[in-house]
Amino acid sequence: MTSDAGIKINNLALYDLVSHMKNDVGLVHQMPYVLHRKRFASMVEMVYFGGMAARMVISTSVLGLNIVTGMSCLIRKSILEESGRMAELGKYLAEDSFMGDCCLNRGYKVTIGSMFATQNAGTYTLKSRLARWIKLRQALNPACILLEPMAFSVIRGAFTAWAVYYLLNYDPLSFYFCHLMVWFMFDYTMLIGVNNGPLPCNVFWFAIAWVTHEVVLILAYIESIMNPTVQWGNRKYKQQWGGKAVEI
């Protein structure tokens, strides 16, 4: 089992991970979530981890794809040894993604547990963390440089509104507004489900946090393009295509 130092997990987390480790499963990881704190920035983090991040983790798990979050995961020792152990995986900053690839390449499944890995107990660093994760994805798959913005509802809605106007001659502003409203309601509903109960704010403040989150995503993407160097703690790394990192 590997876990980040700055997370909080349930006392039964290891039991839960083991219970999901079936014969055809190679790795079980916990979905990241946040500890709520009484500041607006905490609500923005909750919107991301309970909305966009949760949507990606759950959907890829259902589809059998790899989106391992290494905050807390359990992997078969045999797979780790066949892959060169942590000494080999340590050449990558996104070693959790390569752990998932090692499992899928050997015919095993990657799944999620039923408990959260709650984090963000310290400082608010969402934009810098988002930028770092985007940089990692771009190094692993250069197509993300062009396709990543299409995951943002604001950007996707703009392109879709233009396409609808071009093909159907429908008012793009009306379509764009409806797109944002539907996306907003879906995210709100999903966050309530992930939070397993009422949110610590009303709909108005959620709307403000949701808009802020969308802006932060775009800023993080721009930062990843303008400055591809990855800073991890006090160290800086330059990534090679394929994900290997070289300290600079």
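Quick caveat, the model's predicted, so the values are computed rather than measured.

This part covers the sheet that holds strand S3 (residues 72-75). One open sheet holds the four strands; their spatial order is S1-S3-S2-S4, and the pairing between them is mixed. The sheet terminates laterally at strand S1 (2-3) and strand S4 (109-119), the two strands that pair on one side only. Relative to S4, strand S2 (residues 25-34) runs parallel, the two sharing eight bridges. Across the sheet, the residue bridging to methionine 31 is phenylalanine 116, located in S4. Strand contacts of helix H2 (residues 40-63): S2 and S4, with the helix running at about 160° to S2, the strand carrying the most contacts.

Let's shift gears to the packing of H2 against helix H10 (residues 203-226). Running from N to C, H2 and H10 point in directions that differ by 75°, and their axes come no closer than 9 Å. As summarised for this structure, H2 and H10 are arranged roughly perpendicular, according to the angle between their axes. Contact residues: Phe40, Met43, Val44, Val47, Tyr48 and Met52 in H2; Trp205, Phe206, Ile208, Ala209, Trp210, Thr212, His213 and Leu217 in H10. Its residues placed into classes, the contact of H2 with H10 shows 12 nonpolar, two polar and no charged.

Next up on the list: the packing of aromatic side chains. Applying the stated criterion to the full structure yields 13 aromatic pairs. Residues tyrosine 48 and phenylalanine 49 carry aromatic rings whose centres are separated by 5.0 Å and whose planes lie at 80° to one another, so their mutual orientation is edge-to-face. There is no split in this pair, since tyrosine 48 and phenylalanine 49 are both buried. The structure contains a cluster of three or more aromatic residues connected by ring pairs, namely Phe184, Tyr188, Phe206 and Trp210.

Okay, the sheet that holds strand S7 (residues 245-247) next. Taken in spatial order, the three strands of this open sheet run S5-S6-S7, and their pairing is antiparallel. In this open sheet, the two edge strands, each paired with only one partner strand, are strand S5 (230-232) and S7. Mean inter-strand twist for the sheet, computed between neighbouring axes without regard to direction, equals 40°. Pairing of S5 with strand S6 (residues 235-239), which is carried by three bridges, proceeds in the antiparallel orientation. Residue glutamine 231 lies in a different strand from S6, and its bridge partner there is lysine 236. Sitting on the sheet, helix H6 (residues 126-140) touches S5 and S6, and the angle it makes with S5 is about 125°.

What follows deals with the pattern of salt bridges. For the structure on display, the rule yields seven salt bridges. A salt bridge links glutamate 223 to lysine 127; the nearest nitrogen and oxygen atoms lie 2.6 Å apart. One end of the pair, glutamate 223, is in helix H10; the other, lysine 127, is in helix H6, with 96 residues separating them in the sequence. Look at glutamate 223 and you get partly exposed, because its relative accessible area is 24%. The closest approach of N and O atoms between arginine 235 and glutamate 247, which form a salt bridge, is 3.8 Å. With arginine 235 in strand S6 and glutamate 247 in strand S7, this residue pair connects regions lying 12 residues apart in the sequence. For glutamate 247, a relative accessible area of 45% corresponds to the partly exposed category.

Cut-offs used in this document
Residues numbered from 1 in each chain as written. Predicted model: local features only at pLDDT ≥ 70, side-chain atom pairs only at ≥ 80, totals over all residues. Heavy atoms only, no water. Pairing = 2+ DSSP bridges. Helix = DSSP H or I, 4+ residues; strand = E, 2+ residues; numbered from the N terminus. Contact = heavy atoms within 4.5 Å. Axes fitted to C-alpha atoms, helices over the stretch in contact; angles between N-to-C directions. Parallel < 35°, antiparallel > 145°, perpendicular 65-115°, else oblique. Nonpolar A, V, L, I, M, F, W, Y, C, P; charged D, E, K, R; others polar. Phe/Tyr/Trp six-rings, centres within 6.5 Å; stacked < 30°, edge-to-face > 60°. Buried < 20%, exposed > 50% of the residue type's maximum accessible area, 1.4 Å probe, protein only. Salt bridge = Lys/Arg side-chain N within 4 Å of Asp/Glu carboxyl O.

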